[in-house]
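Structural features, examined
Listed here are the chains, written in short residue letters.
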Amino acid sequence: MTFMNNTANIKQFQLIKFINENCDDDHVMSKISITLRRDKIEAPYYMITKIKLSSCIDRHENGLIHAMDVLNHHRRYNLTEENYNEIKSLMVVVDGNKTDQVKISKKDKQLKMVLMSRNDDELRNIFKDFQELFDKIDNLID
């Protein structure tokens, strides 16, 4: 049981950054989804994070040869109102700077941010640009 208790405290964005910095493959693609919700009665402030890393080897003349999911991870959080509002404010700041890599959608009681990268450099830039948001989420886990 001790092992399971220790693994539950993995800081997910630090892990993804570590994988990216120590991977020898330039063709790592990522999709990071952060969803804030306020529509649950039993957990009024709720967040779901989903992270998917894939690696591919391609040849332009022959198309995609090989693709492999390296990591498919998601975590669910019950948040305090204060943490919910802090994370929401970090996500809303980005709303005016949307690019092909950043998509934000809003519904009545839901805010969703999707960050996508097609290569190693784009993923490094995402970590640089969203470091404060990722640190805030990682620090929810002690």
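Above this note sits the structure.
All values derive from a computational prediction rather than experimental measurement.

For the chain, the count of helices and strands is five helices and five strands. Put simply, the chain runs from its N terminus to its C terminus through helices and strands in the order α-α-β-β-β-α-β-β-α-α. Counting the 142 residues in the chain, one finds 36% classified as buried. For the chain, contacts bridging at least 24 residues in sequence account for 60% of all contacts bridging at least 6. Carbon together with sulfur atoms contributes 49% to the accessible area of the chain, which is approximately 9,100 Å² in total.

The next subject is the pairing of strand β4 (residues 102–107). When β4 meets strand β5 (residues 110–117), the two strands line up antiparallel, connected through six bridges. Paired with K106 across the two strands is L111, which belongs to β5. In textbook terms, the turn of a hairpin is the stretch between consecutive antiparallel strands, and for β4 and β5 this stretch comprises two residues.

Attention now moves to the nonpolar core. Judged by nonpolar contacts, the single largest core of 29 residues is most densely connected at I34 and F134. Listed by contribution, the elements that provide at least two residues to this core are α2 (12–21), β1 (28–37), β2 (46–59), α3 (81–94), β4, β5, α4 (120–129) and α5 (131–138). With sequence-adjacent residues up to four places away left out, F134 is seen in contact with F13, I32, I34, L115, I126 and F127.

Conventions and cut-offs
- Residues numbered from 1 in each chain as written.
- Predicted model: local features only at pLDDT ≥ 70, side-chain atom pairs only at ≥ 80, totals over all residues.
- Heavy atoms only, no water.
- Helix = DSSP H or I, 4+ residues; strand = E, 2+ residues; numbered from the N terminus.
- Buried < 20%, exposed > 50% of the residue type's maximum accessible area, 1.4 Å probe, protein only.
- Contact = heavy atoms within 4.5 Å.
- Areas by Shrake-Rupley, 256 points an atom, 1.4 Å probe, with all protein chains shown as cover.
- Pairing = 2+ DSSP bridges.
- Core = buried A, V, L, I, M, F, W, Y, C linked by side-chain atoms within 4.5 Å.

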